[in-house]
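Listed below, chain by chain, are the residues.
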Amino acid sequence: MNPVVLIGLDGATYDVLDPLITDGAMPCLANLIFSGQRRTLASTSHPLSPPAWASIITGREPGEHGIFDFVRVDHSSGNPAYTLISSADLRAPSIFEQADRSGFTVTALNFPAMFPPPDVRGSVIPGYVPASYLARACRPRQLHSELVAAGVQMNRLAVDWELERTAVQGLPSDELLRWVELHIEREAEWAEITVQLMRNRPADLTAVVFDGVDRIQHLCLHLLRAGSGDLTPAERRTRARCVDYFRLVDRILARISAAAADDSTMIIVSDHGARQAGSRIFYANTWLERQGLLRWADETPVDRASRLALNGNSESGTLFDWSHTSAAALTSSSNAIIVHRADAPGGPGVTPEEYPQFCRRLADELLAARDPETGEPIVDRVLFGPETFPGRYAGEAPDLTLVLHQPGFLSVLRGPAITAARSGPYGTHHPDGILVATGPGIADTVLADDGRSLSVTDVAPAVLQLLGAAEPATVPAAARGRTSAPAFDADGQAEIIERLRRLGYLD
Amino acid sequence: MHTQPDQIGPDGVESGEVRSARARRLVLRLVTEISQDRDTRPVTGDRRLGDLGLESISLVYLIAELQQELALGDRLVRDLRIRSSVELPMLTVGELAERAAALSGRMEARS
């Protein structure tokens with residue numbers, strides 16, 4: 001048995017990390033890569049944090065663990081409605097519960113769908129917790145007061161959902177710097193908690209998610225990728241702080257590595273990657289309206305700001321007249337269309353008998369749809385719920401998940417047309433995440449097998465095997481037919497090696 | 001909270017009334033604990049959850065905790081959606097307690 005440290009970098013992608021490594025901004029990560037495994041980690045079919053992190057900590061696909069989005073859609077009350085997910089929605093055992101059952105102690109920090117926290121030996125602070133609930137969310141309960149007494153600014157960990165919802169729509173360029181600073185502060189606190197717990201409440205399995213990577217990339221990916229000569233002075237300042245953020249992440253990796261026991265195995269993963277979003281957004285509900293499948297509620301305003309969702313906590317279901325709506329997109333994050341299921345024959349919605357044909361026809365029409373401005377397709381692929389997310393909870397999967405031609409999330413709002421120009425540059429998700437692993441025992445796990453692609457479902461079996469809480473995985477996860485790790489090219493690798501030598505990381 | 005021996009039937013099972021009473025006390029205790037930093041006035045049944053400083057996201061967490069403590073699965077959130085015509089912050093403490101109590105009292109008896 002070896003202690004395991006699992007570090008999540010939400011949304012981390014080699015496309016961003018490699019240039020930073022080459023520039024010498026992330027020497028610790030570079031060293032971990034050169035001393036261990038560097039692989040591409042394929043995300044869930046729809047690359048989104050809640051389902052992907054759930055797959056990472058359970059080793060199951062979404063259809064088997066029951067998490068598909070930030071929310072769970074409920075059809076039981078007639079009109080489709082949704083509720084924010086909680087740990088009750090995660091219906092497969094996590095590595096934390098499995099390790100606990102095998103007699104190991106755990107630390108689990110900042111994972112989504114972790115409240116109320118599981119009853120495990122160790123320390124748990126769930127992610128996505130509002131300030132008013134943070135103290136109650138910690139397990140054991142005295143952990144919060146212990147950390148406050150130790151100087152941790154716990155209030156910085158809380159998620160301000162109002163700000164999150166506003167920020168994911170895009171912020172004015174003069175507010176981006178504050179956004180980056182916010183995440184520099186938050187990550188510093190998560191790092192402090194992680195290291196303090198490793199010292200004062202050491203666990204056999206320590207796992208923490210740093211989510212600022214994704215949040216910064218959503219708004220600043222274009223800055224990170226731009227040459228400094230292409231930027232305004234203000235943009236250069238923001239870009240410099242983005243790089244500072246990644247330098248901080250690297251120092252955090254070094255601190256955690258130093259705090260870990262010598263025989264520890266360290267695994268760094270991301271739940272998905274990142275890429276620049278397309279220049280157009282898709283008003284999915286406006287398209288559905290024009291297909292005769294949706295009617296807006298009275299006085300639903302027309303969005304003229306290229307926004308994706310409502311600000312505040314208003315539920316998007318209030319936008320529709322459900323008595324004349326057969327299908328609607330409820331959340332931007334899911335890129336999904338939900339079919340309104342009829343309560344009774346003759347009532348509004350789609351009956352079970354009509355459902356298969358309805359979905360097929362809808363998918364065909366989506367695939368045939370063209371952007372009126374550009375003439376381009378709007379949807380490249382339509383993923384059907386039970387087929388794409390097979391498993392015990394397939395029935396809860398979104399009915400249709402769209403893979404948009406212009407990468408990004410759809411808008412649930414009432415648009416002036418079915419598409420519009422995006423209001424500004426925006427980073428979105430890519431299916432390819434990262435995995436970097438180093439330490440004893442890695443070579444004996446599926447993570448070291450170069451012969452096959454790795455997916456988010458491969459992490460949990462490897463963690464449990466390393467801990468000694470499970471037998472080596474004998475059945476590989478479903479092959480995804482994709483190539484594995486994009487290695488550094490030869491020139492890039494030589495440059496990095498030379499730079500690491502100069503920095504003293506390599507002999 | 002500890003169940004008294006005379007509240008348990010000969011088969012070692014809590015009665016529905018006992019479970020309901022426990023649910024009411026739990027709602028009052030949790031709301032009091034969560035709101036005490038913002039509002040020091042007594043939490044009474046007629047006070048609206050929103051007036052106690054519990055915004056809708058916190059209420060989602062409160063309901064998740066109640067469902068776990070009372071082993072309700074997702075029944076409470078579904079019940080509130082079906083039966084309540086108002087937004088969560090407009091619910092009173094008493095209304096939430098009664099819904100939790102009603103569901104808890106109807107739960108399969110647990111030993």
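Caption draft 1: The overall build of chain B, seen in detail. Tallying secondary structure elements over chain B gives four helices and zero strands in all. Ordered by position from N to C terminus, the α and β elements of chain B give α-α-α-α. Per-residue burial over chain B gives 43% buried out of 111 residues. For chain B, the exposed surface amounts to about 5,900 Å²; the carbon and sulfur share of it is 49%.

Caption draft 2: Seen up close, the overall build of chain A. Looking only at helices and strands, chain A has 16 helices and 18 strands in total. The C-alpha atoms of chain A give a radius of gyration of 23 Å, which matches the 23 Å a tight globule of 507 residues would have. Along the longest, intermediate and shortest principal axes, the C-alpha atoms of chain A span 70 × 55 × 50 Å. Relative to all contacts within chain A whose residues are 6 or more apart in sequence, the contacts with residues 24 or more apart total 73%.

Caption draft 3: Representation of the packing of aromatic side chains. All names here are of chain A. Evaluation of the coordinates by the stated rule reveals eleven aromatic pairs over all chains. Taking the centre distance of 5.1 Å and the plane angle of 80° together, the rings of phenylalanine 115 and tyrosine 133 count as edge-to-face. In this pair, phenylalanine 115 is assigned in the loop between strand E5 (106–109) and strand E6 (122–125) and tyrosine 133 in the loop between E6 and helix H6 (134–137), connecting sequence segments 18 residues apart. The same class applies to phenylalanine 115 and to tyrosine 133, which are both buried. When the ring of phenylalanine 282 is compared with that of tryptophan 287, the centres are 6.5 Å apart and the planes differ by 65°; the resulting orientation is edge-to-face. On the basis of relative accessible area, phenylalanine 282 is assigned to the buried category, the value being 3%. For tryptophan 287, a relative accessible area of 4% puts it in the buried group. Taken together through their ring pairs, the aromatic side chains of Trp53, Phe96 and Phe111 make up a single cluster.

Caption draft 4: Seen up close, the domain arrangement of chain A. All names here are of chain A. Splitting chain A by domain gives domain 1 (4–277 + 427–503) and domain 2 (280–421). Inter-centroid distance (C-alpha atoms) of domain 1 to domain 2 is 30 Å. The partner domain 2 presents 36 residues to the 31 residues of domain 1 that form the contact. The junction of domain 1 with domain 2 conceals about 2,900 Å² of combined surface from both sides, 57% of it contributed by carbon and sulfur atoms. When the buried area of domain 1 at its contact with domain 2 is split by residue, Phe68, Tyr82 and Gln169 rank highest and sum to 22% of it. The interface formed by domain 1 and domain 2 includes one salt bridge. Of all the elements in the fold, those that place two or more residues in the side of domain 1 that touches domain 2 are helix H4 (62–65), strand E3 (71–74), strand E4 (81–84), helix H8 (161–167), strand E9 (273–276) and strand E16 (427–430).

Caption draft 5: Highlighting helix H1 (residues 16–35) of chain B. Helix length check: H1(B), at 20 residues, gives a terminal C-alpha distance of 29 Å against a target of 28 Å (1.5 Å per residue), a fit within 8%. In the core, the buried residues of H1(B) are packed alongside H6 of chain A together with helix H2 (56–69) and helix H4 (93–106) of chain B.

Caption draft 6: Quick look at the interface of chain B and chain A. Contacts between the two partners involve 19 residues from chain B, matched on the other side by 23 residues from chain A. Each partner contributes to the roughly 1,900 Å² buried at the junction of chain B and chain A, and carbon and sulfur atoms together form 55% of this total. Area buried by chain B at its contact with chain A is led by Ile57(B), Tyr61(B) and Arg81(B), which between them contribute 38% of it. Counting every contact that joins chain B to chain A gives four salt bridges. Mapped onto the side of chain B that touches chain A, the elements with two or more residues apiece are H1, H2 and helix H3 (75–83) of chain B.

Caption draft 7: The environment of Ala102(B), seen in detail. Residues and elements named next belong to chain B. Here alanine 102 shows up in helix H4. With a relative accessible area of 24%, alanine 102 lands in the partly exposed category. Along the chain, alanine 102 and leucine 76 lie 26 residues apart, while their C-alpha atoms are 9.7 Å from each other.

Caption draft 8: The arrangement of the packing of helix H9 (residues 173–200) of chain A against helix H10 (residues 212–225) of chain A in detail. Residues and elements named next belong to chain A. Contact geometry for H9 and H10: axes closest at 10 Å, N-to-C directions at 155°. Between H9 and H10, the interaxial angle falls into the category roughly antiparallel. Of the two possible hands of crossing, H9 and H10 adopt the one that is left-handed. Packed against H9, whose contacting residues are Leu176, Trp179, Val180, His183, Arg186 and Glu187, the element H10 presents Gly212, Val213, Arg215, Ile216, Leu219, Cys220 and Leu223 at the interface.

Caption draft 9: Highlighting the nonpolar core. Among the nonpolar cores identified, the biggest contains 150 residues, and Ile7(A), Ile193(A), Ile256(A), Phe282(A), Leu362(A), Leu366(A) and Leu62(B) are the most heavily contacted of them. The dominant element in this core, judged by the number of residues it contributes, is H9(A), at ten residues. Both of domain 1 (4–277 + 427–503) and domain 2 (280–421) of chain A provide at least three residues apiece to this core. Excluding residues that lie within four positions of it along the chain, Leu366(A) makes contacts with Phe282(A), Trp287(A), Ile337(A), Val379(A), Val382(A), Leu400(A) and Leu402(A). Judged by nonpolar contacts, the second largest core, of 41 residues, contains Val124(A), Ile267(A), Leu447(A) and Leu467(A).

Caption draft 10: A look at the sheet that holds strand E11 (residues 327–328) of chain A. Residue and element names in this part refer to chain A. Read from one edge of the open sheet, four strands run E11-E12-E14-E13, paired in antiparallel fashion. Among the strands making up the open sheet, the edge pair consists of E11 and strand E13 (379–384). Of the pairings in the sheet, the one linking strand E12 (residues 336–339) to strand E14 (residues 400–404) comprises two bridges and is antiparallel in character. Residue pairing across strands places isoleucine 337 opposite leucine 400, the latter belonging to E14.

Caption draft 11: Representation of the confidence of the model for chain B in the model. Residue and element names in this part refer to chain B. Mean pLDDT for chain B: 81, with 81% of residues reaching 70 or above. Of all secondary-structure elements in chain B, the lowest mean pLDDT belongs to H3, at 80, while H4 reaches the highest, 92. Low pLDDT (under 50) marks residues 1–6, which in the prediction has five contacts with non-local residues, meaning those over four places away or in another chain. Across the interface, the model reports ipTM at 0.72; the global pTM reads 0.89.

Caption draft 12: The arrangement of the confidence of the model for chain A in detail. Put simply, chain A has an average pLDDT of 90, and 92% of its residues get 70 or more. Every residue in residues 474–487 of chain A is under pLDDT 50, and counting partners more than four places away or in other chains gives 27 contacts.

Caption draft 13: Representation of the sheet that holds strand E8 (residues 265–269) of chain A in the model. Residues and elements named next belong to chain A. Here eight strands make up an open sheet; going across it, the order is E6-E5-E7-E1-E8-E17-E2-E18 and the pairing mixed. The sheet is open, and its two borders are formed by E6 and strand E18 (454–455), each paired with just one other strand. In this structure, E5 lies alongside E6, joined through four bridges in parallel fashion. By the bridge assignment for E6, leucine 109 is matched with isoleucine 125. Docked against the sheet, helix H2 (residues 27–35) engages strand E2 (37–42), E8 and strand E17 (432–438), running at close to 75° with respect to E17.

Caption draft 14: Just the packing of H1(B) against H4(B), in detail. Residues and elements named next belong to chain B. H4 packs onto H1 with a crossing angle of 145° between their chain directions and a minimal axis gap of 8 Å. As for how H1 packs across H4, the hand of that crossing is right-handed. Of the residues in H4, those in contact with Gly16, Arg19, Ser20, Ala23, Arg24, Val27, Leu28 and Val31 of H1 are Val93, Leu96, Ala97, Glu98, Ala100, Ala101, Ser104 and Gly105.

Scoring rules and cut-offs
Residues numbered from 1 in each chain as written. Chains lettered and ligands numbered in written order. Predicted model: local features only at pLDDT ≥ 70, side-chain atom pairs only at ≥ 80, totals over all residues. Heavy atoms only, no water. Helix = DSSP H or I, 4+ residues; strand = E, 2+ residues; numbered from the N terminus. Buried < 20%, exposed > 50% of the residue type's maximum accessible area, 1.4 Å probe, protein only. Areas by Shrake-Rupley, 256 points an atom, 1.4 Å probe, with all protein chains shown as cover. Rg over C-alpha atoms; globule rule 2.2 N^0.38 Å. Contact = heavy atoms within 4.5 Å. Phe/Tyr/Trp six-rings, centres within 6.5 Å; stacked < 30°, edge-to-face > 60°. Domains from an automatic or database assignment. Buried area = accessible area lost by both parts, 1.4 Å probe. Salt bridge = Lys/Arg side-chain N within 4 Å of Asp/Glu carboxyl O. Expected span 1.5 Å × (residues − 1). Axes fitted to C-alpha atoms, helices over the stretch in contact; angles between N-to-C directions. Parallel < 35°, antiparallel > 145°, perpendicular 65-115°, else oblique. Left-handed = near helix turned anticlockwise from the far one by under 90°. Core = buried A, V, L, I, M, F, W, Y, C linked by side-chain atoms within 4.5 Å. Pairing = 2+ DSSP bridges. pLDDT = per-residue confidence, 0-100.

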